[in-house]
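# What the coordinates show
Here is what each chain is made of, one letter per residue.
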Amino acid sequence: MPRRLTVAAAQLGPIQKSDGREVAVQRMVRLLEWAHTRGAELVVFPELALTTFFPRWYHEDIREADRWFETEMPNPAVAPLFEAARRYGIAFHLGYAEKTPEGRRFNTAAFFAPSGEMVFKYRKIHLPGHRDYDPVRKVQHLEKRYFEVGDLGFPVVRAPVGSAGPVNLGMMICNDRRWPEAWRVLGLQQVELVMLGYNTPSMNSENKGFEAHHLRVLHSHLSVQAGCYQNATFGVATAKAGVEDGHELIGHSVIVNPQGEIMAQATTWDDELIVADCDLDLCAFGRRTVFDFARHRRPEAYTRITAQTGSVPPPEWTPSR
Ligand code: CDV
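Residues numbered from 1 in each chain as written. Predicted model: local features only at pLDDT ≥ 70, side-chain atom pairs only at ≥ 80, totals over all residues. Heavy atoms only, no water.

For the rest of this paragraph, the subject is the side chain of His 130. Tracing the sequence through the fold places His 130 in the loop between β5 (118–123) and α3 (143–146). Reaching out from His 130, the side chain makes a polar contact with the backbone oxygen of Asp 132 at a distance of 2.7 Å. Within the structure, His 130 has its side chain in polar contact with the side chain of Arg 137 (distance 3.3 Å). Every residue in contact with His 130, bar those within four places of it in the chain, is listed here: Arg 137, Gln 140, His 141, Leu 142, Glu 143, Lys 144 and Arg 145. (Helix = DSSP H or I, 4+ residues; strand = E, 2+ residues; numbered from the N terminus. Polar contact = N/O pair within 3.5 Å; in protein donor to acceptor, adjacent residues only side chain to side chain. Contact = heavy atoms within 4.5 Å.)

So this is what it looks like as structure tokens:
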């Protein structure tokens, strides 16, 4: 009996700074309605889906940014989303800013069963950007100011989803997708579906404010396609897209199969749903052939991966005469 799962990426168009959570939630409910119409059993929403991408705004006192954070999940503002998920029987992944009862702040994603029960949570590990106001940048990227590095590792959980039965589920958030180590940690736990949301500015503000548009999208797709292929997993990568208060984010959300092929791709910078039917048995094929880790991996040769953070120059060879 094939294990088939219909998944969707629910891309969100821009959310302006002045938009309250009810604006985002209303749009997300509409996306869940579309997902239901199109037979999706699992929906992935973007990183920090409930608000504008606030790390572009500097606050001297980080407590001033607390209005962007959720102190509990679910909460009254997201109740319509949870009601819609229950009504349609759809499981979903939601990215949000989390402030814990101890006052710790994380860039978080959680996966919920249609009942609203939280199945598991992930806190972003690879935080890009900087901690202090940078006068040289045209746009700030203050994730290192507002969030702590995630403390939950890269968990994979086996949980029943839709008609597929139990599925090995993993998560990463935005910048994590550029790090092969993150994918491999999920691959080593036999992940079958990686859910990830992103907010990627069209401009690389570390590159004197310019980088060709097509490279931003190429690098995003390259990372997800390579990660899926090399770890024999499906991936759903969902963008927040379009122009938020004058600042442009790339779209191009994709669903990728374990061969690294794009199965579906968003074509707008707006709210858009893309859907794909996944044959989860394709993951086992990758895991027993080229990426049979038990047979082919050589961890004894990879010690630098965990022993070292920055790169070091290699020994130099000079001609003897
Ligand atoms: N939200 C992100 O993590 N954005 C980064 C940008 C800053 C490069 C990304 O990897 O897309």
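Take the sheet that holds strand β14 (residues 272–279) next. Spatial strand order, β5-β4-β3-β2-β1-β14: six strands in an open sheet with mixed pairing. Where the open sheet ends on each side, the last strands, each with one partner, are β5 and β14. Across the sheet, the axes of successive neighbouring strands diverge by a mean angle of 25°, strand direction being ignored. As paired strands, strand β1 (residues 4–11) and β14 are joined by eight bridges and run antiparallel to one another. In the strand pairing of β14, Val 7 is matched with Ala 276. Seen against the sheet, helix α1 (residues 21–37) touches β1, β2 (42–44), β3 (91–99) and β14 and runs at an angle of roughly 40° to β14. (Pairing = 2+ DSSP bridges. Axes fitted to C-alpha atoms, helices over the stretch in contact; angles between N-to-C directions.)

Lining the immediate surroundings of the ligand are Glu 47, Phe 53, Lys 124, Pro 128, His 141, Glu 143, Cys 174, Asn 175, Arg 177, Arg 178, Asn 199 and Thr 200. The separation between a nitrogen atom of the ligand and a polar side-chain atom of Glu 47 is 3.1 Å. Backbone polar atom of Asn 199 to a nitrogen atom of the ligand: 3.1 Å apart, as the coordinates give it. Considered on its own, the ligand offers 320 Å² of accessible surface; in the complex 90% of this is hidden by protein. (Near = heavy atom within 4 Å. Areas by Shrake-Rupley, 256 points an atom, 1.4 Å probe, with all protein chains shown as cover.)

Moving on to the packing of α1 against helix α2 (residues 79–88). Packing of α1 against α2 leaves a shortest axis separation of 9 Å and a crossing angle of 10°. Here α1 is positioned roughly parallel relative to α2, judged by the angle of their axes. Between α1, through Val 25, Met 28, Val 29, Leu 32, Glu 33 and His 36, and α2, the contact on the second element is made entirely by Pro 80, Leu 81, Ala 84, Ala 85, Arg 87 and Tyr 88. (Parallel < 35°, antiparallel > 145°, perpendicular 65-115°, else oblique.)

Here is a general trend for soluble globular proteins: nonpolar side chains tend to be buried in one another's company. Counting residues in each nonpolar core, the largest one holds 49 residues, and the members touching the most others are Leu 5, Leu 42, Phe 111, Leu 169, Leu 193 and Met 195. In contact with Leu 5, not counting residues within four places along its chain, are Glu 41, Leu 42, Val 161, Ala 164, Val 167, Leu 193, Ala 276, Asp 277, Cys 278 and Leu 280. Core analysis: the next-biggest nonpolar cluster, separate from the first, contains 30 residues, Ala 8, Met 28, Phe 45 and Ala 49 among them. (Core = buried A, V, L, I, M, F, W, Y, C linked by side-chain atoms within 4.5 Å. Buried < 20%, exposed > 50% of the residue type's maximum accessible area, 1.4 Å probe, protein only.)

All we've got here are geometric facts, nothing functional implied.
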